[in-house]
Amino acid sequence: MTNILSDEESQRYARNIILPDFGVEGQLRLRNARVLIVGTGGLGSPIALYLAAAGVGTIGIADGDVVDRSNLQRQIIHNTSDINRRKVLSAKEKIERINPNVNIVTYDFFLSPENVDAIVKEYDIVASATDTLEAKYLVNDSCVRLSKPFCHGGVSEFEGQIFTFVPGTACYRCIFGNHENSGIKSVKKGILGSFAGMVGTIQATEIIKYITGIGKLLTDTLLLIDIRSMSFNKIRFSSNNACRCVSSQGTDT
């Protein structure tokens, strides 16, 4: 791949390129980047759409589900005509419509302890856009083992949370503990669709910032949002010395 932008790319990404500290170099970094999105639902939809529009070169999408009518209220990458279609195929089609320059890799199955590392290792950064605790910990633990950064997003009813992990900073377990021994189970709750889009868009922004090196990431920081009062609060964290991430980071290649 060349280190110059085509005329088409220069026009498509013109508003990126003229940003302070972004320029052609930032756009080339996006084009050369590989991002894995785990989940193509309320969070994964805006993440995929905005990363594709921004010019991320390779986007992997992992989801073993099909589109349900109840998804359409918030999962904006899917349309009514997509009901009962495989989510990754529906998402791939919409991404290609937005930006045919993007290379899309689909994983039409749920990640598991048996396959997660083989997939995660192929990417530069991961968007954790899952809706179960089990999947959130699965993504976290794989990224920790492989020293891969990821951006976590979660939303339930009117409250949401985002943080970014890079090796050496607090991981999901540092912040939320070890759910295996807590008895906590995932419970299906209502979600305001536009709010899910808002959280996913912040995740996409964090990933773009990581790739381009612009700004300060939400590392060691949990951003909490309550949409009812439109309040934004940051809680600072540090790596827990008792967490497996402290001893695991940097041990895998």
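Look a little higher up for the structure.
Quick look at the structure, then. (Residues numbered from 1 in each chain as written. Predicted model: local features only at pLDDT ≥ 70, side-chain atom pairs only at ≥ 80, totals over all residues. Heavy atoms only, no water.)

**Digging into helix α7 (residues 133–146)**
Cut-off, in case you're wondering: Secondary structure elements follow DSSP: runs of H or I of four or more residues count as helices, runs of E of two or more count as strands, with numbering from the N terminus. Here, expected helix span is obtained from the residue count minus one, scaled by 1.5 Å. Note on classification: 1.4 Å probe, protein chains only; a residue is buried when its accessible area is under 20% of the maximum for its type, exposed when over 50%, partly exposed between these limits.
Given a rise of 1.5 Å per residue, 14 residues ought to cover 20 Å, and the 20 Å separating the end C-alpha atoms of α7 matches this to within 8%. Among the 14 residues in α7, 12 count as buried, and that is most of the element. For α7, every residue scored as buried is listed here: Leu-133, Ala-135, Lys-136, Tyr-137, Leu-138, Val-139, Asn-140, Asp-141, Ser-142, Cys-143, Val-144 and Leu-146. Just downstream of α7, Ser-147 is the residue with a positive phi angle, here 55°.

**Remarks on the packing of helix α4 (residues 44–54) against helix α9 (residues 193–212)**
How we decide: To define axes, lines are fitted to C-alpha atoms, for helices over the stretch in contact only, and angles between the resulting N-to-C directions are given on a 0 to 180 degree scale. Here is the rule for angles: anything less than 35 degrees is roughly parallel, anything more than 145 is roughly antiparallel, 65 through 115 is roughly perpendicular, and the remaining ranges are oblique. Working rule for handedness: look at the near helix, and if it is turned counterclockwise from the far one by less than a right angle, call the crossing left-handed; if clockwise, right-handed. Should any heavy atoms of two residues lie within 4.5 Å, those residues are counted as being in contact. Three classes are used: nonpolar for Ala, Val, Leu, Ile, Met, Phe, Trp, Tyr, Cys and Pro, charged for Asp, Glu, Lys and Arg, and polar for all others, with Gly counted as polar.
Look at α4 against α9: their axes get within 8 Å of each other, and the N-to-C directions meet at 40°. By the angle class used here, α4 and α9 are oblique. Like other packed secondary-structure pairs, α4 and α9 cross with a definite hand, here right-handed. Two secondary-structure elements touch here, α4 through Pro-46, Ile-47, Tyr-50, Leu-51 and Ala-54 and α9 through Ala-196, Gly-197, Gly-200, Thr-201, Gln-203, Ala-204, Ile-207 and Ile-208. Of the residues that constitute the contact of α4 with α9, the class distribution is 9 nonpolar, 4 polar and no charged.

**Brief notes about the sheet that holds strand β4 (residues 125–128)**
How we decide: Here, strands pair whenever DSSP counts at least two bridges between them.
Pairing is mixed in the open sheet, where 8 strands are placed in the order β3-β2-β1-β4-β5-β6-β7-β8. Of all the strands in the sheet, the pair left with one neighbour each is β3 (103–107) and β8 (231–236). Pairs of neighbouring strands in the sheet enclose a mean axial angle of 15°, with direction left out of account. The sheet contacts of α7 involve β1 (34–38), β4, β5 (150–156) and β6 (159–165), and relative to β5 the element is tilted by about 170°.

**Topic: the pairing of strand β2 (residues 58–62)**
Rule in force here: Convention used here: a crossover is right-handed provided that the path from the first strand, over the helix, to the second strand proceeds clockwise when the strands point away from the viewer.
Counting buried positions along β2 gives 5 out of 5 residues, so the element sits mostly inside the fold. Judged from the 5 bridges that link them, β1 and β2 form a sheet pairing that is parallel. When the sheet's bridge partners are listed, Arg-34 is paired in β2 with Thr-58. This β-α-β element, β1 to α4 to β2, shows right-handed connectivity.

**Notes on the environment of Ser-128**
With respect to the helices and strands, Ser-128 occurs in strand β4. Between the C-alpha atom of Ser-128 and that of Ile-214, which follows or precedes it by 86 residues, the distance is 21 Å.

**Structural notes on the nonpolar core**
For clarity, the cut-off: Buried Ala, Val, Leu, Ile, Met, Phe, Trp, Tyr and Cys residues form a nonpolar core when they are joined through side-chain atoms within 4.5 Å.
Residues Val-35, Ile-37, Leu-51, Ile-59 and Ile-207 are the most contacted members of the largest nonpolar core, which totals 38 residues. Contributing elements (two or more residues each) for this core: β1, α4, β2, α5 (87–98), β4, β5, α9 and β7 (221–226). It is α9 that contributes the most residues to this core, 7 residues altogether. Residues in contact with Val-35, not counting those within four places in the same chain, are Leu-51, Val-56, Thr-58, Ile-59, Gly-60, Tyr-123, Ile-125, Ile-207 and Ile-211. By size, the runner-up hydrophobic cluster in this structure holds 28 residues, among which are Phe-150, Phe-165, Tyr-172 and Ile-175.

**Quick notes on the state of the cysteines**
Cut-off, in case you're wondering: Note that a disulfide, as used here, is simply two cysteine sulfur atoms within 2.5 Å.
Under the defined criterion, the tally for this structure stands at 0 disulfides. The thiol of Cys-143 is not disulfide-bonded; the next cysteine sulfur, from Cys-171, is found 10 Å away. Residue classification places Cys-171 among the buried positions, given a relative accessible area of 1%.

**Observations concerning the packing of helix α3 (residues 23–32) against α9**
Closest axis-to-axis distance for the α3/α9 pair is 9 Å, and the angle between their directions is 110°. Considered as vectors, α3 and α9 are oriented roughly perpendicular to each other. In the crossing of α3 with α9, the sense of the turn from one axis to the other is right-handed. Contacts between α3 and α9 pair Gly-26, Arg-29 and Leu-30 from the former with Ile-208, Ile-211 and Thr-212 from the latter. Taken together, the residues of the contact of α3 with α9 break down into 3 nonpolar, 2 polar and 1 charged.

**Focus on the pattern of salt bridges**
The condition is simple: Put simply, a salt bridge is a Lys or Arg side-chain nitrogen that is within 4 Å of an Asp or Glu carboxyl oxygen.
What the rule picks out here adds up to 16 salt bridges. For Asp-82, the salt bridge is made with Lys-94, and the minimal N-O distance between the two is 2.7 Å. One end of the pair, Asp-82, is in the loop between β2 and α5; the other, Lys-94, is in helix α5, and 12 residues separate them in sequence. The residue Glu-93 makes a salt bridge to Lys-94 at a minimum N-O spacing of 3.8 Å. Through salt bridges with shared partners, a single ionic network connects Asp-82, Arg-85, Glu-93, Lys-94 and Arg-97.

Limitation: the analysis is restricted to geometry and does not speak to function.
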